[in-house]
Amino acid sequence: MSTGLKRSFFEHVEMQNTSEKSDLEMKSEAGASPIIDEAWLGQEKSLVRKLDMTLMPTIWVLYLFNYLDRNNIAQARLNNFEDDLGLKGNEFNIAVSILNVGYVLMQVPSNMVLTRVRPSLYMPTWVCVWSCISAATAGTHNFNGLVAVRFLLGVAEAPFFPGVFYLLSCWYTKKELALRTAVLYSGLVLATAFSGLLAAGIFAGLDQARGLAGWRWLFIIEGAGSFTAGIISVFLLPDFPASTTGSTTWLFTPEERQVAIERIEIDQVSNQESNHSIWYGLKIAASDYRVWVVAFILCSNHTAYGFNNFFPTITKGFNLGNRTTTLLLTAPPYLLGAIISFCVAYSSDRNKERGWHIAGPMSVAAVGFIISVATLHNGARYFASFLYISGCFSANALVYSWGSSSVSQTPEKRACAMAIINVVGQFGNIWSPYFFSPSDSPRYLQAMLLMMSFSILSVFGCMVMKLILRRDNQKLVKAFEGSGTTPVLYTL
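None of these values were measured; they are calculated from a predicted model.

Visitor: I'm lost on the side chain of Glu157 in this one. Help?
Guide: As for its placement among the helices and strands, Glu157 is situated in helix α8 (residues 143–157). Among the residues examined, Glu157 registers a relative accessible area of 0% and is labelled buried. Excluding anything up to four places from it in sequence, Glu157 contacts Asn66, Asp69, Arg70, Tyr103 and Trp130.

Laid out in structure tokens, this is it:
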């Protein structure tokens, strides 16, 4: 149980907006503090168990496909992708980068409307759209066609991750969120690992089948898989706790939905405001310097893992075997990264701490980049990849949960703030592909040095954020002095 629950602290906040107010919303808006007894705790336990058995597996599978569909271009490069499309110079880098331009342009508009739509319909729709666009990559024949498809893919994929994270923050408390975010983020890590294994099998078994190159089959098969997952998710995703649509109608009892509303209200930092418009949420999110500090941290992290779309090429440079062996060797560092991510997130939740749990892994990543620069030994450089992959990915998941819990005065502000954070973070994905000059392949010294620098910048940002939140906590404690109530504080 969180400290807020133990103390039965309840602050009134406006519930999520729906087209019609349910009885549950009316009860919550009455402002009466919930009675935390054994029955309430039993309902909470049942609620969390149902969420973990339905919501989490569904979004995990969707996020795995989300990253498979955007990252398969890295594997395609090892199957004559550039030759077939006539790519020259840094045109591959441009194709990698342009996806994030579309991603950035769609983020804020999508999150601004997220609180006004049904996530159970909104997100699966975008899953199906991006699946079709990703599969269409198989039909491209030149650089211009590839860039157009990649840009549209970025637009279609943009609503998913911030939308899902916002949905998680509406159902899970701060104490529960870091581990669930790490579970979700492991979909990204494992997608990158399995994409190499999947590509190895497709290239070996389907290359030139029915006259199509193996990389074209890769896009077709993965696009079809994510489309199927999108259709199924319509029936499994819930909407908001106060709603009576989506899987909420058949999955949760009225008592569990009431507990879901109350426990999120209890868990909010004690500076909540009443409901405002979407535009007001955007305004106060943009004027909150904490949003920009978290955005700086995320941008540094995203820049530091710019190696992601080039890792098969980096691994090929280790000269450890043929194409199939190279693709298989891309998996172990990411599998270890997923395990480390779970451990770091568990420790973060258990100790109710974020900053050091981000700064520590990013420091390990910096060491990995230093080793890659300092030695020509292929075995040592492959070992270094375990360090920087594990470090970057285990830290990144916590940035989202830290940001969400630190900027949540209203649902509208939280949605807009997370969109801003994610948009700024994506700039790291836009410029980092240009670190990898074709003439510097496969060692990429310049890229390694720059990624090391951004790892260190991330550590610096974490220290700044901890100082800001510590000061804000002191103000909250002072504001509640003599009230007889202990405020819920920011997680450091």
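Visitor: Is there a simple way to think about the packing of aromatic side chains in this case?
Guide: For any pair of aromatic rings, the description rests on two quantities: the centre-to-centre distance and the angle between the ring planes. The final tally for this structure, using the stated rule, is 33 aromatic pairs. Look at Phe165 and Tyr400: their rings are 6.0 Å apart centre to centre, the planes differ by 50°, and that puts the pair in the tilted class. A residue pair is termed long-range when its members are at least 10 positions apart, and Phe165 in helix α9 (residues 160–171) and Tyr400 in helix α20 (residues 378–406) qualify at 235 residues. Stacked on the ring of Phe92, the Lys or Arg Arg77 has its end atom at 4.3 Å from the ring centre.

Visitor: Explain the pattern of salt bridges to me, please; I cannot follow it from the model alone.
Guide: Side chains carrying opposite charge are able to pair once their charged atoms draw close together. Going through the model one piece at a time under the given rule, you end up with twelve salt bridges. Among the ionic pairs, Arg77 bridges to Glu82, the shortest N-O distance being 3.0 Å. Note that Asp349 and Arg354 form a salt bridge whose closest N and O atoms lie 3.4 Å from each other. Of the two residues, Asp349 and Arg354, both sit in the buried class.

Visitor: What should I look at first to understand the nonpolar core in this one?
Guide: For soluble globular proteins, nonpolar side chains are generally found buried alongside one another. Membership of the largest hydrophobic core comes to 145 residues, with the highest contact counts inside it found for Phe81, Trp171, Phe307 and Phe369. No other element matches the 14 residues that helix α10 (residues 174–206) contributes to this core. Setting aside residues no more than four positions away along its own chain, Phe81 makes contact with Ile73, Ala76, Leu87, Phe92, Leu146, Trp215 and Phe219.

Visitor: I would appreciate a short explanation of the environment of Phe454 in the present structure.
Guide: In this structure, Phe454 sits in helix α22 (residues 445–479). Classification of Phe454 as buried rests on a relative accessible area of 18%. When the C-alpha positions of Phe454 and His302 are compared, they lie 8.9 Å apart, and in sequence the two are 152 residues distant. Once you skip the residues sitting within four places of it in the chain, Phe454 turns out to touch Ser300, Thr303, Ala304, Trp431 and Phe435.

Scoring rules and cut-offs
- Residues numbered from 1 in each chain as written.
- Predicted model: local features only at pLDDT ≥ 70, side-chain atom pairs only at ≥ 80, totals over all residues.
- Heavy atoms only, no water.
- Helix = DSSP H or I, 4+ residues; strand = E, 2+ residues; numbered from the N terminus.
- Buried < 20%, exposed > 50% of the residue type's maximum accessible area, 1.4 Å probe, protein only.
- Contact = heavy atoms within 4.5 Å.
- Phe/Tyr/Trp six-rings, centres within 6.5 Å; stacked < 30°, edge-to-face > 60°.
- Lys NZ or Arg CZ within 6 Å of the ring centre and 35° of its normal.
- Salt bridge = Lys/Arg side-chain N within 4 Å of Asp/Glu carboxyl O.
- Core = buried A, V, L, I, M, F, W, Y, C linked by side-chain atoms within 4.5 Å.

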